[in-house]
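# Tertiary structure, described
One letter stands for each residue in the lines below.
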Amino acid sequence: MQIQFFPLSLNVTLGLVVTIDNRNYGGFSYKNATAYVDYHGMNVAEVEIDSDTVPARGKVNISTYANISADKLISSPNFWGDIGAGRFNLTSTARLHGKVRVFKIFKLGARVVSTCDISVLILSQDVESKCKSKIKL
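My aim in this report is to walk through the structure given alongside it, one point at a time. (Residues numbered from 1 in each chain as written. Predicted model: local features only at pLDDT ≥ 70, side-chain atom pairs only at ≥ 80, totals over all residues. Heavy atoms only, no water.)

Evaluation of the coordinates by the stated rule reveals 4 aromatic pairs. Each ring, one from F79 and one from W80, has its centre 4.9 Å from the other, and the planes form 80°; the classification is edge-to-face. Given a relative accessible area of 9%, F79 falls into the buried group. A residue is classified by how much of its surface remains accessible, and W80, at 56% relative accessible area, is exposed. An aromatic cluster is built from Y39, F79, W80 and F88, whose rings are joined through pairwise contacts. For the cation-ring pair, R57 lies above Y25, with the distance from its terminal atom to the ring centre recorded as 4.6 Å. (Phe/Tyr/Trp six-rings, centres within 6.5 Å; stacked < 30°, edge-to-face > 60°. Buried < 20%, exposed > 50% of the residue type's maximum accessible area, 1.4 Å probe, protein only. Lys NZ or Arg CZ within 6 Å of the ring centre and 35° of its normal.)

So, about the state of the cysteines. Put plainly, two cysteines are in a disulfide when a covalent bond ties their sulfur atoms together. Per the stated rule, a full pass over the model turns up 1 disulfide. What pairs with C116 in a disulfide is C131, and their sulfur atoms sit 2.0 Å apart. Classification of the bridge connecting C116 and C131 rests on its S-S torsion, roughly 110°, and on that basis the disulfide is right-handed. With C116 in strand β8 (residues 106-121) and C131 in strand β9 (residues 126-136), this residue pair connects regions lying 15 residues apart in the sequence. For C131, a relative accessible area of 45% puts it in the partly exposed group. (Disulfide = S-S within 2.5 Å. Helix = DSSP H or I, 4+ residues; strand = E, 2+ residues; numbered from the N terminus.)

A word on the environment of R57. Structurally, R57 is set in the loop between β5 (52-54) and β6 (59-69). Given the relative accessible area of 51%, R57 is considered exposed. The spatial distance from the C-alpha of R57 to the C-alpha of L108 is 17 Å, given a sequence separation of 51 residues. For R57, the contacting residues outside a window of four places in its chain are N22, R23, N24 and Y25. Here R23 takes part through its backbone oxygen, which lies 2.5 Å from a polar atom of the side chain of R57. (Contact = heavy atoms within 4.5 Å. Polar contact = N/O pair within 3.5 Å; in protein donor to acceptor, adjacent residues only side chain to side chain.)

This brings us to the side chain of S76. Tracing the chain through its elements places S76 in the loop between α1 (70-75) and α2 (79-85). In this structure S76 touches Y39 and M42, once residues within four positions along its chain are discounted.

Bringing unusual backbone geometry into the picture now. Where the residue is not glycine, phi is negative for most of them; where a peptide bond is considered, it is trans in most cases. Although it is not a glycine, H40 sits at a positive phi angle of roughly 50°. H40 sits in the partly exposed class, given a relative accessible area of 47%. In the Ramachandran plot, R57 falls in the positive-phi region, its phi being about 55° despite a non-glycine side chain.

Here is the structure:
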């Protein structure tokens, strides 16, 4: 027999600054997109990314937030082991669809896929991340 007095839902909101660094010689304009944050293959958050343009050889900082579903984290069989180990790992994936401007003349359709491995260090309350991006014209 299971008794439930009220539904329980836990969420954690994290403020984020996402930096898009364009090392190419052409500007990149992208449409609205959504980045996904996964914990051991389970989606725990979605992050909205508003459309913008990244200038050639430039950077754009995007202030946004992620509502992480803490109840999903806690329900994972890996969660308490990761807490005991002092860190838990997340993976974020973003797909940006847009256009690349080449020589300020040509516009080519482009898709950028960015994947980041994020480690949250519990004792030091620090975050380490390593990202890889691929562009397809």
